Amino acid sequence: MSAPAFVDFRDVWLAYTEDLRKQGKFAVEAIDLKVARGEFIAIVGPSGCGKSTFMKLATGLKPPSAGEIRVDGRTVHGPLKISGMAFQSASLLPWRTTLANVMLPLEIVEPYRSELKARRQEFEARARALLARVGLAGYEDKFPWQLSGGMQQRASICRALIHEPQLLLLDEPFGALDAFTREELWCILRDLQAAQGFNVILVTHDLRESVFLADSIYVMSKSPGRIVLKREVPLPRPRDLDVTYTPEFGEIVHELRGHIGALKKAGMEIAQ
Amino acid sequence: MSARLNLQSHAHWLLLVAVLVLWQSVCGLFDVSEFLFPSPARIAQQFWEHHAVILAHAWRTWWVTMLGFAISIVVGVLLGCLMGSSRLAYAAMYPLMTGFNALPKAAFVPILVVWFGIGVGPAVLTAFLISFFPIMVNIATGLATLEPELEDVLRVLGARRTDVLWKVGLPRSMPYFFGALKVSITLAFVGTTVSEMTAANEGIGYLLISAGSSMQMGLAFAGLLVVGAMAMVMYELFARLERRLTGWAHRGQS
């Protein structure tokens, strides 16, 4: 690969407090990871393996204890305006309408922030168009608590994308949804990414989700929180939901399942 | 269903009428002296007789209370923001503020008179001192109990602390704020009246004292009722504002 990596983790370690660092208790250890521009990666692993910690590092909410994180060639020192993030809970602000919630990043991130007054009409039209793309046309002026869980999560993804970030960070965004809604949102995310070509880092515990959506999958182990395996997903794009019922798909899921099962067993032996 | 709702929305008037009827009949039946406990009819008559004087004093109490209350909103919100956004400030200020709030505010009036003289100063300050605490505590609680997820939504975008306060913290605290306003406004009227009783030559508090000392009990009661009515009007105003502005927080009950 000749082009420089878009997201570049170089031997990154993080301990949450100074005491933990001295005791050698790191939440994540020795993370080395390179993501090409436009790539969709997924991070899977057992619960408590440091997936969310990884996310905090990638967003710049937490500085690493050791190592360096670069995004788009620059070292990360704090939150990045070129990234957008959606969480497991939709976290929409209940006093704002859906449209106003989606517009929120434009009130914070430059250059939109200073242009908002002059170009409000245009930005609003953009937010409405984005909401329409995820099937929320007609719900713009509803409040979040008037929407279903799946609709709230769609609005939350729109909010993460409205300022056209180059990097979308998703922290188990579909975890709380029912199976049908989840698959529907997979397709919405797939189409948005295909159309706009942004990078995605998806943290999930759903192996089928990771195989369906990602170009490559990283498996993390629990205590120590390390990346133990990288698995490319060779399935051709665009992928249809039917692909999830093919033997190739099943094999990859099965293989990943095997690794995670082995990790769990190893973890239990250590614990004993 | 609608008949029942109707009854509910007028229940307070019905109760008021019932109390007045009972009061009037007790006074009539037992022939209570009006120097001890005047009947509602007598109070109404006295009110009408002295209405110009009462309304002039009420106007004074009204604007003095509003001035004190405005100061307590400003100070309460500012201190609440400070306490709610900094743990250090919270830990440092909360015990002291609680101690201060436990002091009887009527005891401040003589001191305020020494500082500011008889008149508007002590009344405004007493209204302020007695009413800012609930506002401060509620704003601080609203900010301190902010869900970290909501804060993170803004923080990942690189938002400044003031952004987080304006976009999430303060809107999220509005239900707490209105709850505090409804408590504080009634306290502010208490503060003004208490202060006027010893440290003013105008206002309902002064009227109460002078009516009492000249045994005009009907007039004293009329003054009390006017204070109660003013506090209720303000309470209702804030309750309506609350329903309009923070409907999102009360969605289960509408």
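Look up: the structure comes first, before these words.
Nothing here was measured: the structure is a model prediction, and the numbers come from that model. Residue numbers here run from 1 along each chain, matching the order of that chain's written sequence. Here chains are named by letter from A upward and ligands by number from 1 upward, in the order in which they appear as written. Where local features are concerned, this predicted model is filtered to residues with pLDDT of at least 70; where side-chain atom pairs are given and counted, the filter is 80 or more; whole-chain, interface and lining totals use all residues.

### Considerations on helix α2 (residues 51-59) of chain A
All names here are of chain A.
Next, step 1: When you tally the buried positions in α2, you get 8 out of 9 residues, the bulk of the element.
Next, step 2: With C-beta atoms placed from the backbone, a residue counts as buried when 20 or more other C-beta atoms lie within 10 Å of its own, as exposed when 12 or fewer do, and as partly exposed for counts between those limits. Secondary structure is summarised from DSSP: a helix means a run of H or I of at least four residues, a strand means a run of E of at least two, and numbering begins at the N terminus for each. Taken as a whole, α2 has its buried residues at Lys-51, Thr-53, Phe-54, Met-55, Lys-56, Leu-57, Ala-58 and Thr-59.
Next, step 3: One or two positions beyond α2, positive phi appears at Gly-60, with a value near 85 degrees.

### Side note on the interface of chain A and chain B
Next, step 1: C-beta atoms are placed from the backbone for every residue, and two residues are taken to be in contact when these atoms lie within 7 Å. In this complex, chain A contributes 20 residues to the contact, which on the side of chain B involves 16 residues.
Next, step 2: A class-by-class count of the residues in the side of chain A that touches chain B yields 13 nonpolar, 5 polar and 2 charged. Under this grouping Gly is polar, as are all residues other than the nonpolar Ala, Val, Leu, Ile, Met, Phe, Trp, Tyr, Cys and Pro and the charged Asp, Glu, Lys and Arg.

### Let's talk about the pairing of strand β1 (residues 7-14) of chain A
Residues and elements named next belong to chain A.
Next, step 1: Of the pairings in the sheet, the one linking β1 to strand β2 (residues 28-35) comprises 5 bridges and is antiparallel in character. By the bridge assignment for β2, Asp-8 is matched with Lys-34.
Next, step 2: For two strands to be treated as a pair, DSSP must find at least two bridges joining them. Alignment of β1 against strand β4 (residues 66-71), held across 5 bridges, turns out to be antiparallel. Within β4, the position partnered with Val-7 by the bridge is Val-71.

### Quick look at the nonpolar core
Next, step 1: Take the buried Ala, Val, Leu, Ile, Met, Phe, Trp, Tyr and Cys residues, join any whose C-beta atoms are within 7 Å, and the set you get is a nonpolar core. Of all hydrophobic cores here, the largest spans 84 residues; its most connected members are Ile-43, Cys-158 and Ile-217 of chain A.
Next, step 2: Broken down by element, this core gets its largest block of residues, 6 residues, from helix α6 (residues 149-161) of chain A.
Next, step 3: Discounting residues that sit within four places of it in the chain, Cys-158 of chain A has contacts with Val-102, Leu-130, Leu-131 and Val-134 of chain A.
Next, step 4: Listed in part, the 52 residues of the second largest apolar core include Ala-127, Met-197, Ile-204 and Phe-221 of chain B.

### Structural notes on the environment of Asp-32 of chain A
Residues and elements named next belong to chain A.
Next, step 1: Position of Asp-32 among the secondary structure elements: in strand β2.
Next, step 2: Assessed through the 12 C-beta atoms surrounding it within 10 Å, Asp-32 is described here as exposed.
Next, step 3: Between the C-alpha atom of Asp-32 and that of Arg-159, which follows or precedes it by 127 residues, the distance is 30 Å.
Next, step 4: Leave out the neighbours within four places in its chain, and Asp-32 touches Phe-9, Arg-10 and Asp-11.

### Some details on helix α8 (residues 148-155) of chain B
In an α-helix there are 3.6 residues to a turn, and that puts residues three or four apart on one side.
Next, step 1: Residues of α8 of chain B that are buried: Leu-150, Val-153, Leu-154 and Arg-155 of chain B.
Next, step 2: Those residues of α8 of chain B hidden inside the fold are in contact with α9 (161-199) of chain B.

### Topic: the sheet that holds β2 of chain A
Next, step 1: Spatial strand order, β2-β1-β4-β5 (chain A): 4 strands in an open sheet with antiparallel pairing. Of all strands in the sheet, those bounded by a partner on one side alone are β2 and β5 (74-75) of chain A.

### So, the sheet that holds strand β6 (residues 83-86) of chain A
Strand pairing in a sheet relies on backbone hydrogen bonds. The paired strands run either parallel or antiparallel.
Residue and element names in this part refer to chain A.
Next, step 1: What the 6 strands build is an open sheet, ordered β6-β7-β8-β3-β9-β10; its pairing is mixed. At either margin of the open sheet sits one strand with a lone partner, and together these are β6 and β10 (227-232). Across the sheet, the mean angle separating the axes of adjacent strands is 15 degrees when strand polarity is ignored.
Next, step 2: With 4 bridges connecting them, strand β3 (residues 40-44) and strand β9 (residues 216-220) associate as parallel partners. Axis definition: a line fitted to C-alpha atoms, over the contacting stretch in the case of helices. Angles run 0 to 180 degrees between N-to-C directions.

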